[in-house]
There are 2 protein chains.
Amino acid sequence: MTINSKITERIDALRKAMESKGIDAYIVPSSDPHISEYPADYWKTRSWISGFTGSAGTIAVTKNKAGLWTDSRYFLQAIEELEGSGIELFKEGVSKTPSLEQWLTDELPQESTIGIDAQVFSCTEADKLSAFFIKRNLRVENNCPLFDQVWTDRPPLPESKIFALSDSTTGACAKDKIEKVRNAMRHEGTDTTLIAALDTIAWLYNIRGNDVAFNPVTVAYALVNETQSILFINKKKLTEETSNYLSSQDILVLDYHKVEEYLQNNLAEKKVLIAPAKINLSLRNKLPKSCQVTEVATHPADLLKSIKNETEIKGFRNAMKKDGVALVRFLMWLENSLEKNEAVSEIDISHKLKELRSKQADFFGESFGSIVGYGPHGAIVHYSANEKSNAKIEKQGLLLIDSGGQYYDGTTDITRTLVLGKIDDQMKIDYSLVLKGHIALAMAQFPQGTKGVQLDILARQFMWINGINYLHGTGHGVGHFLNVHEGPQSIRMDLNPIALEPGMVNSNEPALYRDNKYGIRIENLIVVRHASSGDYGNFYRFETLTLCPIDTKAIHKALLTEDEIDWLNNYHKTVYATLAPLLTEEENKWLKNKTNEF
Amino acid sequence: MTINSKITERIDALRKAMESKGIDAYIVPSSDPHISEYPADYWKTRSWISGFTGSAGTIAVTKNKAGLWTDSRYFLQAIEELEGSGIELFKEGVSKTPSLEQWLTDELPQESTIGIDAQVFSCTEADKLSAFFIKRNLRVENNCPLFDQVWTDRPPLPESKIFALSDSTTGACAKDKIEKVRNAMRHEGTDTTLIAALDTIAWLYNIRGNDVAFNPVTVAYALVNETQSILFINKKKLTEETSNYLSSQDILVLDYHKVEEYLQNNLAEKKVLIAPAKINLSLRNKLPKSCQVTEVATHPADLLKSIKNETEIKGFRNAMKKDGVALVRFLMWLENSLEKNEAVSEIDISHKLKELRSKQADFFGESFGSIVGYGPHGAIVHYSANEKSNAKIEKQGLLLIDSGGQYYDGTTDITRTLVLGKIDDQMKIDYSLVLKGHIALAMAQFPQGTKGVQLDILARQFMWINGINYLHGTGHGVGHFLNVHEGPQSIRMDLNPIALEPGMVNSNEPALYRDNKYGIRIENLIVVRHASSGDYGNFYRFETLTLCPIDTKAIHKALLTEDEIDWLNNYHKTVYATLAPLLTEEENKWLKNKTNEF
């Protein structure tokens, strides 16, 4: 077995730092002080210390052992990347795998001290750890930021310039949004609120940045009280224009690193509203003892952000047109390339998608790393092709492509599963079950107050009857030129208490995976709209936003009802009618053919 | 306006008692020390003090005002019954109705004291009240049992004899059940558990009683620790036989009134498991300070109780046969009576149903008060005919009948909506929507871990598409020769976290109500069964237990799919095949006709 000396040296250095602080074990999570899905390089401590680059995973290091906990999406990748590191892989969700907490309890003598850096743990996570370990006679020391000392060539904090969005893009100026947050704050009996979530800050102040991959956000904190709204940010990121914009919205700019000092010195006796799942523990620890803290599961700003206004929805519709044009061009390119027997790989497809999207107006970047899974790779939910795995696309089987773009007027996220040649009956049945689920959710109507968990079965019911299921959510919220995954609502098997409100944009992505064979997923974005009001109250429905043909070659027509076929034909009519004026004659002809009555 | 001097005198007496205790307001709930749905007469303090006899409602009395809070089921009844009492009706669920808590806050000066009797409040309810009032600078005094002093002719506590069920009925002896509870207790890190819920005690010790209406339970408490299982009960309720039975199961009998004393003197240093929603506050207050109390949302015994074993399921099937025979006889009687133009009223129907059920073997009583709602009365969800409202049944429109029986081998609960003559198209459409929902739930298949809230939409989806909804649950748990409403699972719009497990018996009762016109509800009992196991895990389905034809006259056939018609025909085939051998030739012929292929 080879030894990965780079990693073992780093772990040794960490152990020395632990020892000097009197720490018996150290936990390294994936998150940053903003509890982000995609942290900036500066906070990729878990990747640095372990070599494991997956998006989800936690490391625990004791004096003589180290372990990584990650889920099934990353088992293969983790095995490869951990080789020679001495770090043991613990497969989450596999029976008999001890939890990280249980493993530490078993490894450590009583009264040991476990160190964490309170800056990169949400209060919720940190509270859970403390509650667990205190019962086992282990102590958690929160104030252990060891990486500054250990990671000597740590990358700098990002310093990309921010930019402001105009009201014609956002539909509401920052001042008005801040006023709404103040109202919600008062409603909870509080006078101050602190926000660390980067997308929430970007939404609230109508600013965007380029500090991290895929999410057009800037690293910052926000604080709103009865009279002030503050942006804690590295001032290098401002131009004269953005400084002026911020003053025009009465937003006070303070240095990013002054946030904790500010809390300590200015919040005595304040009634502070926080969402503990989205605030790091270090911030909460800095609140003066005299504060009255109100903790909420969902920050009111996140709920406000999730409910898109008509301007934002118009922006989404416009972004979908551009995305649709890029996708039509992509699908034609792929078809032609395969016809001409040109070599096309999974990575080629990712590049082509990005290239075609980037030619569209107001393109900002991808909304996430494309998932291009050919054949068996389609069954790996978060597959990301690398040089080693990169499959050559043949004229057979199924190809799953999940991709999306950030445009200044909206965010897209779409999955299509393409038929590349002859396919068997099982594939057709499976594809039809997924499509039936997709259509059932798209056609749903439901009363005010309905939560995603109540609708989720619509997308799964046809699979369930056949003893099949997919283990991810059916729908996630999508931000407006913001994070492609946002809350607080969702359409999942989990009991999320947030009701679906008109204006919320969600994905609709049922799927079916046959391990080592293929994966099928059909995803559009859908927005909640008002449908009717009557004796039984208000009812809502979905409007499908995404504009791209659904491959009909894999449909087993006898499995679809008339209503389902009607939905498909109407959807294709809309796709054609909306995109055709934006296409060349040749593209138009191609699309006409793909959207013909089924 | 007439004055109801009986009630005003009672309220005056209560106010005097309040004054003598230094109490500024007093809250009278519907519950008893066991947090029962149907309390014994001794605990019907809310009815006694107000004259309001509905099953749900809370009274608050201040020095000069009094109010009743109840929900829409009881608005009309409350208006009638409160007349002249000086008690104001507060309609829950109507916008701008202040909550009881808010009303008291508005009425009372700061630092007032609100009295409650801790014995008749669950810990959960009492904790909620305290948390609310403490923020408003009001004090809750828990230890205020005023009715012993005020209600001079208070009925005695019930003293019905208990009886034991044999293992051939229960499928598991008490000893084994107690051992399972001990295991669950240990699993929670506890060594003692206290149970106040009467149905849980009846299940655990395999005893039944007749202390309250409809629920075959006995008023008692239970305590289980590592070495003992105790039944706190009035010893007058025991015979030599039942005393012997209890000793044979190592169940120690102590006096009902000694429970609090026992807790105070025997639980020092114990680790006690309780479900605060099902334990009264007075009991928790008696736990010694040295106790380590673990509170759980669902008591493990309630989960064990809800999962019926094969003997219990067999019992249910047998009870359904008897119930089915009684119902066939009832339906024939009704048809004949109407044909012969004999006078039949809603109350006559209730009596006839009880009479016919009581002729069946091992009948114990009704499982709840029948709901017989003709025409517009069918739209009143918990309608109970009285002498004044009692409608005469005509040969037209729709008749909703919801009734059930307690048999020694099982509990039944069934609703049918009957067509009595010509009905209009809207009725047919509505009836078909309800039936489609009923069938969709009956045919569902779902993976292990699925909760009722995920399935609920199956029963509602066809109504929702038409902007219609019903505001009660689709399914409640049903006890085995026990309470017709039991938890912890449910099939509702609410986020109940309890997964549906094989063996759980639930109702399937979608409904549609047209105010002042008619109500439609179709209810069968269904039990969760294992369906399949494979690559995607375990899947479950429902087996329908109830055996009684569904009126096909109101079905708009074009609205049903082939699968739905198949389900109906198969259901009717089963009903006929199972009941026919138990019927006379004439009944057999009648049933054959009612279960003909549709």
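Placed above this text is the structure.
What comes next concerns the included structure. (Residues numbered from 1 in each chain as written. Chains lettered and ligands numbered in written order. Predicted model: local features only at pLDDT ≥ 70, side-chain atom pairs only at ≥ 80, totals over all residues. Heavy atoms only, no water.)

Of regular secondary structure, chain A possesses 19 helices and 28 strands. Its C-alpha atoms give chain A a radius of gyration of 25 Å, near enough to 25 Å, the size a compact globule of 598 residues would have. Projected onto the principal axes, the alpha-carbon positions of chain A cover approximately 70 × 60 × 50 Å. Counting all 598 residues of chain A, 59% fall into the buried class. A fraction of 70% describes how many contacts in chain A between residues 6 or more apart in sequence connect residues 24 or more apart. Carbon and sulfur atoms form 48% of the exposed surface of chain A, whose accessible area is close to 24,400 Å². For chain A, the distance from the average site of its 67 positive side-chain charges to the average site of its 78 negative ones is 1 Å. (Helix = DSSP H or I, 4+ residues; strand = E, 2+ residues; numbered from the N terminus. Rg over C-alpha atoms; globule rule 2.2 N^0.38 Å. Buried < 20%, exposed > 50% of the residue type's maximum accessible area, 1.4 Å probe, protein only. Contact = heavy atoms within 4.5 Å. Areas by Shrake-Rupley, 256 points an atom, 1.4 Å probe, with all protein chains shown as cover. Lys, Arg positive; Asp, Glu negative; His and termini not counted. Charge placed at Lys NZ, Arg CZ, Asp CG, Glu CD.)

Right, let's get into a negative patch on the surface. A contiguous patch of negative charge on the surface is contributed by A:Glu562, A:Asp563, A:Asp566 and A:Glu597. By secondary structure assignment, the location of A:Asp563 is in helix α18 (residues 562-579). (Patch = residues over 30% accessible without salt bridge, like charges linked within 9 Å, V, L, I, M, F, W, Y side chains within 5 Å. Salt bridge = Lys/Arg side-chain N within 4 Å of Asp/Glu carboxyl O.)

A word on the sheet that holds strand β3 (residues 66-70) of chain B. All names here are of chain B. Strand order across the open sheet formed by six strands is β4-β3-β2-β1-β5-β6, with mixed pairing between neighbours. The open sheet has two edge strands, β4 (88-91) and β6 (139-141), and neither has a second partner. Averaged over neighbouring strand pairs, the angle between their axes works out to 25° when direction is ignored. Two elements, strand β1 (residues 25-28) and strand β2 (residues 58-62), share four bridges in a ladder whose sense is antiparallel. Its bridge partner being in β2, Val28 is matched across the sheet by Ile59. Running at roughly 170° to β4, helix α3 (residues 75-82) makes contact with β3 and β4 of the sheet. Across the sheet, helix α4 (residues 100-107) is in contact with β1, β2, β3, β4 and β5 (113-115); its angle to β2 comes to roughly 5°. (Pairing = 2+ DSSP bridges. Axes fitted to C-alpha atoms, helices over the stretch in contact; angles between N-to-C directions.)

Moving on, we get to the side chain of B:Arg460. All names here are of chain B. Note on placement: Arg460 falls in helix α17 (residues 452-465). For Arg460, a relative accessible area of 0% puts it in the buried group. In terms of polar contacts, Arg460 uses its side chain to reach the side chain of Asp456, at 2.5 Å. In contact with Arg460, other than residues within four places in its own chain, are Asn469, Tyr470, His472, Gly473, Thr474 and Met493. (Polar contact = N/O pair within 3.5 Å; in protein donor to acceptor, adjacent residues only side chain to side chain.)

This next bit is on the interface of chain B and chain A. Facing 27 residues of chain B, the contacting portion of chain A comprises 27 residues. When chain B packs against chain A, close to 2,300 Å² is buried across both sides, 63% of that on carbon and sulfur atoms. Applying the counting rule to chain B against chain A returns zero salt bridges. Remark: the boundary between chain B and chain A carries six residue pairs in polar contact (both at pLDDT 80 or more). Sorting the residues of the side of chain B that touches chain A by element identifies β21 (445-447), α17 and β25 (511-514) of chain B as the ones contributing at least two each. Of the residues assigned to the side of chain B that touches chain A, the class counts are 17 nonpolar, seven polar and three charged. (Buried area = accessible area lost by both parts, 1.4 Å probe. Nonpolar A, V, L, I, M, F, W, Y, C, P; charged D, E, K, R; others polar.)

This paragraph deals with the relation of the copies chain B and chain A. Overlaying chain B with chain A gives an RMSD of 0.0 Å, the required rotation being 180° about an axis along which the chain moves by 0.0 Å. Such a turn and shift between the copies fits a two-fold axis. Identified as the residue of chain B closest to the rotation axis by C-alpha distance is B:Gln454, at 2.5 Å. A share of 100% of the interface residues of chain B reappears at the interface of chain A, consistent with the copies meeting face to face through the same patch. (Least-squares fit on C-alpha atoms with pLDDT ≥ 70 in both.)

Moving on: the side chain of A:Thr193. Residue and element names in this part refer to chain A. Structurally, Thr193 can be placed in strand β8 (residues 192-195). Within the structure, the side chain of Thr193 is placed 2.7 Å from the backbone oxygen of Leu273, a separation counted as a polar contact. Not counting residues up to four positions away in its chain, the partners in contact with Thr193 are Val181, Met185, Ala222, Leu223, Val224, Leu273 and His299.

Another aspect to go through is the packing of aromatic side chains. All names here are of chain A. Under the counting rule described, the total for this entry stands at 46 aromatic pairs over all chains. Summarising the aromatic geometry, the rings of Trp567 and Tyr571 are spaced 5.2 Å apart at their centres and angled 5° between planes, so their arrangement reads as stacked. Linking Trp567 with Tyr571, this pair stays in helix α18, spanning four residues, or about one helical turn. Taking relative accessible area as the criterion, Trp567 reaches 13% and is therefore assigned buried. Lying over the aromatic face of Phe598, Lys557 brings its terminal NZ or CZ to 4.9 Å of the ring centre. (Phe/Tyr/Trp six-rings, centres within 6.5 Å; stacked < 30°, edge-to-face > 60°. Lys NZ or Arg CZ within 6 Å of the ring centre and 35° of its normal.)

Helix length check: helix α16 (residues 425-442) of chain B, at 18 residues, gives a terminal C-alpha distance of 25 Å against a target of 26 Å (1.5 Å per residue), a fit within 8%. The opening residue of α16(B), the one whose side-chain oxygen lies 3.2 Å from the backbone nitrogen of B:Gln426, is B:Asp424. (Expected span 1.5 Å × (residues − 1).)

The next subject is the sheet that holds strand β3 (residues 66-70) of chain A. All names here are of chain A. Judged by pairing direction, the sheet is mixed, and its six strands sit side by side in the order β4-β3-β2-β1-β5-β6 without closing on themselves. Both outer strands of the open sheet, β4 (88-91) and β6 (139-141), are each paired with one neighbouring strand and no more. Neighbour to neighbour, the strand axes of the sheet diverge by 25° on average, direction disregarded. Here two bridges tie strand β1 (residues 25-28) to strand β5 (residues 113-115), and the two strands are oriented parallel to one another. Bridging from a neighbouring strand, Tyr26 pairs with Gly115 of β5. Sheet contacts for helix α3 (residues 75-82): β3 and β4; angle to β4, the most-contacted strand, approximately 170°. Packing against the sheet, helix α4 (residues 100-107) makes contact with β1, β2 (58-62), β3, β4 and β5, and its axis sits at approximately 5° to β2.

All names here are of chain B. In this structure, β3 lies alongside β4, joined through four bridges in parallel fashion. Paired with Trp69 across the bridge in β4 is Phe90. Handedness of the β3-α3-β4 crossover: right-handed. (Right-handed = clockwise from strand over helix to strand, strands pointing away.)

Moving on, we get to the pairing of strand β11 (residues 229-232) of chain B. Within a regular beta strand, the side chains point alternately toward one face of the sheet and then the other, so they alternate between its two faces. Residue and element names in this part refer to chain B. The alternating pattern of β11 places Ser229 and Leu231 on one face and Ile230 and Phe232 on the opposite face, and all of these are buried. Note that strand β10 (residues 221-225) and β11 share four bridges and pair antiparallel. The residue bridging Tyr221 from the neighbouring strand is Phe232, located in β11. From the end of β10 to the start of β11, which pair antiparallel, there are three residues. Both β11 and strand β12 (residues 251-254) contribute to a ladder of four bridges, which runs parallel. Within β12, the residue paired with Ile230 across the bridge is Leu252.

Residues and elements named next belong to chain A. Under the criterion given, the structure shown has 76 salt bridges over all chains. The closest approach of N and O atoms between Asp323 and Arg357, which form a salt bridge, is 2.6 Å. On the criterion of sequence distance, the pair formed by Asp323 in helix α14 (residues 310-339) and Arg357 in helix α15 (residues 346-358) is long-range, its members being 34 residues apart. Exposure class is identical for Asp323 and Arg357. Each is buried. Across the salt bridge formed by Lys359 and Glu355, the nearest N and O atoms sit 3.3 Å from each other.

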